[in-house]
Amino acid sequence: MSDRLDHVFAALADPTRRDLVARLARADATVGELAEPYDMSVQAVSKHVSVLERAGLVTKSKDAQRRTVRLEAEVFDLMTKWIERYRREAEARYQRLDAVLAELDEDGTPKSPTTPTTHSSEESAAKERAS
Amino acid sequence: MTTTTIREATIEADQTVPAIHITRDFRATPAQLFRAHTDKDLFTRWVGPNGMATEVLRWDPRNGGEWRYVARRDGEEYTFRGCFHTVREDTIVQTFTFEGMPDAVALETLTFVDLGGGYTRLHAMSLCDSFEGRDAWLASGMEVGVNEGYAKLDRLLADEATEDGTDES
């Protein structure tokens, strides 16, 4: 299994290959179609696809008329995890925002450390600790 | 009351348009949220990706104004810029571009909805210019994983392998 993981890591460490995976999540595509938006040869894209194939992330159809590349079903689950990772990034950002908001008065102005306020004792205590 | 916890951010990839929706409640007034989004120094303190230092290079939060900031970590630099289209107490509409891909522009609409009782709901919609662009953006979370080292990704994939243990579909 760890050998398989090594292949998956190596495959996804490259930004072009991550982009290919993201695009294949929308729809199957031929290597030629995949190459279109890039400033690189079809051969170069084909090499990237081979790396993804060896890692077990994609398969190529056996249809000789139209050899499409298809994302393995389990990679869609991985995409769901990517979204979860993105969500966690957002949550971490908003927890920092929570801390910033706690320093503002209700009208949005920063609480002045020099002016004694008659807010809740909890806030006064927090202010004392901070100063 | 001291045990009141706020639900974590929720995220949704829109099925009909290439948008990402993030919703999060805050124990704050809309005015506080507005200030934290428009005051340069406050914004700098919370916006950056984890472990990155943010420096604002341009900041003019008014209708038609512009913004630009750089996030740095270990010699890496990522610069972002955009225009403030609408800046209002309850709504900020702005464009968002990573300068490494200057032609890909997202339209962001942030709304601050007063829930009463000192709570406000932030809804952030990022509308990308294609589904591919949107999905690549979401997938960029993977890049974070790669930068953090493989440890977390390792666990994630290991879980995946356990769940799909039968592997004969």
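Residues numbered from 1 in each chain as written. Chains lettered and ligands numbered in written order. Predicted model: local features only at pLDDT ≥ 70, side-chain atom pairs only at ≥ 80, totals over all residues.

**A closer look at the overall build of chain A**
Of regular secondary structure, chain A possesses six helices and three strands. In chain A, the succession of α and β elements from N to C terminus is α-α-β-α-α-β-β-α-α. Within chain A, the proportion of its 131 residues that are buried is 26%. Within chain A, residue pairs in contact and separated by at least 24 positions form 47% of the contacts whose partners lie at least 6 positions apart. (Helix = DSSP H or I, 4+ residues; strand = E, 2+ residues; numbered from the N terminus. Buried ≥ 20, exposed ≤ 12 C-beta atoms within 10 Å, placed from the backbone. Contact = placed C-beta atoms within 7 Å.)

**A few points about helix 2 (residues 15–24) of chain A**
Counting buried residues in helix 2 of chain A gives eight out of ten residues, a clear majority hidden from the surface. Among all positions of helix 2 of chain A, only Arg17, Arg18, Asp19, Leu20, Val21, Ala22, Arg23 and Leu24 of chain A are buried.

**A few points about the confidence of the model for chain B**
Residue and element names in this part refer to chain B. With 79% of its residues at a pLDDT of at least 70, chain B reaches an overall mean of 81. Per-element confidence in chain B is highest for strand 7 (residues 106–116), whose mean pLDDT is 96, and lowest for helix 4 (residues 151–163), whose mean pLDDT is 44. A low-confidence stretch, residues 142–158 (pLDDT under 50), is modelled with 15 contacts involving residues beyond four sequence positions or located in other chains. Contacts of residues 163–169 to residues separated by more than four positions or lying in other chains number two contacts, the stretch itself having pLDDT below 50. Both confidence scores are given for the complex: pTM 0.64, ipTM 0.74. (pLDDT = per-residue confidence, 0-100.)

**Notes on the environment of Val49 of chain A**
All names here are of chain A. By the element assignment, Val49 lies in helix 4 (residues 42–54). With 18 residues separating them in the primary sequence, Val49 and Val31 have C-alpha atoms 7.7 Å apart. With residues up to four places along the chain from it excluded, the contact list for Val49 reads Leu20, Val31, Leu34, Val58 and Val69.

**Description of the nonpolar core**
Core analysis: the largest hydrophobic core is formed by 45 residues, its most contacted members being Val21, Leu52, Leu57 and Leu101 of chain A together with Leu33 and Ala36 of chain B. Among the elements that make up this core, the one with the highest residue count is helix 5 (residues 73–101) of chain A (eight residues). Counting contributing residues per domain, this core is built from domain 1 (2–71) and domain 2 (77–130) of chain A, each supplying no fewer than three. Residues in contact with Leu57 of chain A, not counting those within four places in the same chain, are Val8, Ala11, Val21, Leu52, Glu72 and Val75 of chain A. (Core = buried A, V, L, I, M, F, W, Y, C linked by C-beta atoms within 7 Å. Domains from an automatic or database assignment.)

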